[in-house]
Every structure is written in structure tokens, then in C-alpha cells.
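Per-entry structural report
Spelled out, the chains give:
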Amino acid sequence: MPPPTIRHARTDEYPEIARVWMNSWVSTGLEQPSNFLLANLRARISKEMEKGWNLFVADDAGNIAAMLALHLAEHHLDQLFVAPEYQGRSIGRRLLAFTRQQLPDEISLRCVRENEKAWRWYEREGFAFEKEAVEPMTGFTMKYYRWKSSSALS
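What you are looking at is a predicted structure, and each value in this text was computed from that prediction instead of being measured.

The rules behind the values
Residues numbered from 1 in each chain as written. Predicted model: local features only at pLDDT ≥ 70, side-chain atom pairs only at ≥ 80, totals over all residues. Heavy atoms only, no water. Phe/Tyr/Trp six-rings, centres within 6.5 Å; stacked < 30°, edge-to-face > 60°. Lys NZ or Arg CZ within 6 Å of the ring centre and 35° of its normal. Salt bridge = Lys/Arg side-chain N within 4 Å of Asp/Glu carboxyl O. Helix = DSSP H or I, 4+ residues; strand = E, 2+ residues; numbered from the N terminus. Buried < 20%, exposed > 50% of the residue type's maximum accessible area, 1.4 Å probe, protein only. Contact = heavy atoms within 4.5 Å. Expected span 1.5 Å × (residues − 1). Arc of directions from axis to C-beta.

Inspection of every chain in the model, using the stated rule, returns eight aromatic pairs. Among the aromatic residues, those joined into a ring-pair cluster are Trp-21, Trp-25, Trp-53, Phe-81 and Phe-140. The aromatic ring of Trp-147 is capped on one face by Arg-100, whose charged end is 4.6 Å from the ring centroid. Here Lys-131 stacks its cationic end above the ring of Tyr-144, 4.8 Å away from the centre of that ring.

With that settled, consider the pattern of salt bridges. Inspection of the entire model under this criterion finds 16 salt bridges. Here Arg-7 ties to Asp-59 by a salt bridge, and the two come within 2.9 Å at their closest N and O atoms. Residue Arg-7 is found in strand E1 (residues 5-8), and its partner Asp-59 is found in strand E2 (residues 54-60); the two are separated by 52 residues along the sequence. A single burial state applies to Arg-7 and to Asp-59, both of which are buried. One salt bridge in this structure joins Glu-130 and Arg-146, with 2.8 Å as the shortest N-O distance. Here Glu-130, found in strand E6 (residues 128-134), pairs with Arg-146, found in strand E7 (residues 141-148); they are 16 residues apart in sequence, far enough to count as distant. According to the relative accessible area criterion, Glu-130 is partly exposed, its value standing at 42%.

Among the structural elements, His-71 can be located in strand E3 (residues 63-71). Residue class for His-71 comes out buried when judged on its relative accessible area of 7%. Sequence-distant contacts of His-71, defined by excluding residues within four places in its chain, comprise Glu-48, Lys-51, Gly-52, Trp-53, His-76 and Asp-78.

Even without glycine at this site, Ala-61 takes up a positive phi of about 50°. Within the element layout of this structure, Ala-61 appears in the loop between E2 and E3. The phi angle at Ser-90 is positive, at roughly 65°, despite the residue not being glycine. Inspection of the secondary structure puts Ser-90 in the loop between strand E4 (76-82) and helix H3 (91-102).

End to end, helix H2 (residues 35-50) covers 23 Å across 16 residues, agreeing with the expected 22 Å (1.5 Å per residue, within 8%). Every buried residue of H2 is accounted for by Leu-37, Leu-38, Leu-41, Ile-45 and Glu-48. With its buried residues spanning 100° around the axis, H2 presents them on a single face. Exposed residues on H2 whose side chains face more than 90 degrees from its buried face are Asn-35, Phe-36 and Glu-50.

Its location among the elements puts Lys-117 in helix H4 (residues 116-124). When its relative accessible area of 65% is taken as the criterion, Lys-117 is described as exposed. On a C-alpha basis, the gap between Lys-117 and Ser-150 in space is 25 Å, while along the polypeptide they are 33 residues apart.

Shown next, in the form of C-alpha cells:
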């Protein structure tokens, strides 16, 4: 079976992307699924698209396996979430490789401190920890990371 195809998201897919985002987020154990959370994520997708998100999906024969949101102008990986039923299949690694093609020199990101699985993965993938800070809107402590290509370091 071929791996999912990474492509730009379509606007008609936003509700399903929000569902994948929510299911992946709640799989961390940091929050429970709810209609309220799903509605907030749907609204956030539209708002962030207006602010410059480039939104991609991993499309598995018509099923959305993962979502990736980048702010290209800011060199920022904003969101990378893999649906729970697709976790462990290297889709996150493929999305990160795709991100490095889009942002070949430098990538910044932030990750919830309590999501240890995620930030440890980013560290294994070469991201350097920079700082921690509380996100006022959510109350979560965020860990900030940066990756620079070896050519950008010289």
C-alpha cells in the first residue's frame, strides 16, 4: 500500500481536518474530546488560514491521515498532528521531511511541555530547545525549539 500523499488542504476538508487535529490532540491525554473543542479547532483553522497558514494534509486514498500547518514567511511549523489510527507509520517523519523541503534553512516550533512524546521526538529530529514560556490563551507551558540546516549554521 503506498504511503499517504502530502498535498494542500481544500476548504471543504476543514471540518475533517479539525476532527483529525482534535483526535490526535486528545490522544496525548491532555484534553478530552468534545463538541466545544472541535468547534474551536474548526474556527481556528479558518482564522489561521486568513493569517497566512499553509495547510497540508496526508491523504490516504481519500482519508485524512494527518494535518500540517506552516507559516512559511515566519519559518514556523505551527501544527503537525497525525490521526491516532495512523500513528506509528512514519507519517509524522514524512511530514517533517516535507517541512524541511518547504523551509530548508530554519524551522521554529513550539510544543506543549506536557506532551513529552512530541517534544522528545523533535529533539531526536535535531531541534534545539530554546526556552519555555506560558501561553496566556491556553495556560499551557510551551517549549520553544529551532532547527537550522547545517549550511545555515556555517
